[in-house]
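Each chain, letter by letter, is given below.
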Amino acid sequence: MGSATEATKDISENLLGDKKVTVVFVLGGPGSGKGTQCANIVEHYGFTHLSAGDLLRAEIKSGSENGTMIQNMIKEGKIVPSEVTIKLLQTAILENGNDKFLIDGFPRNEENRAAFERVTGIVPEFVLFFDCSEEEMERRLLGRNQGRVDDNIETIKKRFKVFVESSLPVVEHYESLGKVKRIDAAKPIPEVFEDIKVIFSSLASKGTA
Ligand SMILES: Nc1ncnc2c1ncn2[C@@H]1O[C@H](COP(=O)(O)OP(=O)(O)O)[C@@H](O)[C@H]1O
Ligand SMILES: O=c1ccn([C@@H]2O[C@H](COP(=O)(O)OP(=O)(O)O)[C@@H](O)[C@H]2O)c(=O)[nH]1
Ligand SMILES: [Mg+2]
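Residues numbered from 1 in each chain as written. Chains lettered and ligands numbered in written order. Predicted model: local features only at pLDDT ≥ 70, side-chain atom pairs only at ≥ 80, totals over all residues. Heavy atoms only, no water.

1. Some remarks on the site of ligand 2
Argument step 1. Not every one of the 21 residues close to ligand 2 is listed here, only the nearest: Lys34, Arg57, Lys78, Val80 and Arg159.
Argument step 2. In this structure, Arg57 approaches ligand 2 through a side-chain N or O atom, which is 2.8 Å from an oxygen atom.
Argument step 3. Interatomic distance of 2.6 Å between a backbone N/O atom of Lys78 and an oxygen atom of ligand 2.
Argument step 4. Relative to its free-state accessible area of 520 Å², ligand 2 is covered by the protein chains to the extent of 96%.
Argument step 5. The pocket occupied by ligand 2, as judged from atoms lying within 2 Å of grid points, is the largest pocket. (Near = heavy atom within 4 Å. Polar contact = N/O pair within 3.5 Å; in protein donor to acceptor, adjacent residues only side chain to side chain. Areas by Shrake-Rupley, 256 points an atom, 1.4 Å probe, with all protein chains shown as cover. 1 Å grid on protein atoms, 1.4 Å probe; cavity = no way out; pocket = protein on both sides within 12 Å on 5 of 7 lines; lining within 4 Å. Sits in = over half its atoms within 2 Å of the grid points.)

2. Side note on the pattern of salt bridges
Argument step 1. According to the stated counting rule, one finds 16 salt bridges in the structure shown.
Argument step 2. One salt bridge connects Asp131 with Arg182, and the closest N-O pair in it is separated by 2.8 Å. One end of the pair, Asp131, is in strand S4 (residues 126–131); the other, Arg182, is in strand S5 (residues 180–184), and 51 residues separate them in sequence.
Argument step 3. The salt bridge involving Asp151 is made with Arg144; its shortest N-O contact spans 2.8 Å.
Argument step 4. The exposure class assigned to Arg144 is partly exposed, which follows from its relative accessible area of 27%.
Argument step 5. Three or more residues are tied together by salt bridges with common partners; here these are Arg144, Arg148, Asp150, Asp151 and Arg159. (Salt bridge = Lys/Arg side-chain N within 4 Å of Asp/Glu carboxyl O. Helix = DSSP H or I, 4+ residues; strand = E, 2+ residues; numbered from the N terminus. Buried < 20%, exposed > 50% of the residue type's maximum accessible area, 1.4 Å probe, protein only.)

3. A closer look at the site of ligand 1
Argument step 1. Around ligand 1, 14 residues are found, and the nearest of them are Gly31, Lys34, Thr36, Arg144 and Lys187.
Argument step 2. In this structure, Lys34 approaches ligand 1 through a side-chain N or O atom, which is 2.8 Å from an oxygen atom.
Argument step 3. Here Gly35 contributes a backbone N or O atom positioned 3.1 Å from an oxygen atom of ligand 1.
Argument step 4. Computed on the free molecule, ligand 1 has an accessible area of 560 Å², of which 77% lies beneath the protein chains in the complex.

Remember that the coordinates give geometry; whether it matters functionally is a separate question.
Here's what the structure looks like:
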């Protein structure tokens, strides 16, 4: 047991250098409000927001050799191979001076989760889970208006299916470890943030973040 922990720590030190980080995974269905609330958390609690989806969209824009593959997967609501997303997250963590990160929209399946833990050695402090009905999420996505290739009804239905089949098992995994803090994300934006504040204020007062 002890040696397994040591091994994980060594890997972490190899790939993140000496950097010790506090990570919160922000998970929830498409349109549940993850990005919106991450901006609020950044403003009040000094975290850096890393949206896996935003990093992938930036990678497409940068003209990377993976761009076309990523674009096609996003359009189909599919999950991009772990090594691509993990590399982007790892680089973003290393390039940033902060040591507290909200990782938004990742891990999206169990393979993402296991690969991230194996490669970076990072174990999340907790998982903030946004609970919202599909009806409400669909309404929000259709009104998001950011010109995204995946905010159309056909792709939205595919994303909901992937969320239930592949992403919810990640939440269940962390649930079994007692690490999930569930938020009723169907409420209006300021009310959702009030509930989030309770969680992050107690974290700050414990001195763990
Ligand atoms: N609590 C809320 N009530 C109503 N609309 C919301 C709420 N939270 C976010 N939105 C809106 O819903 C859309 C999706 O929110 P976003 O934060 O991008 O979700 P996610 O990152 O989970 O996909 C955005 O247009 C946002 O302004
Ligand atoms: O770790 C990730 C995060 C996102 N995506 C892809 O990017 C899309 C948009 O993700 P984002 O988190 O931006 O969407 P949201 O849930 O916020 O609406 C997803 O449907 C996936 O196709 C992915 O493959 N891996
Ligand atoms: Mg988002």
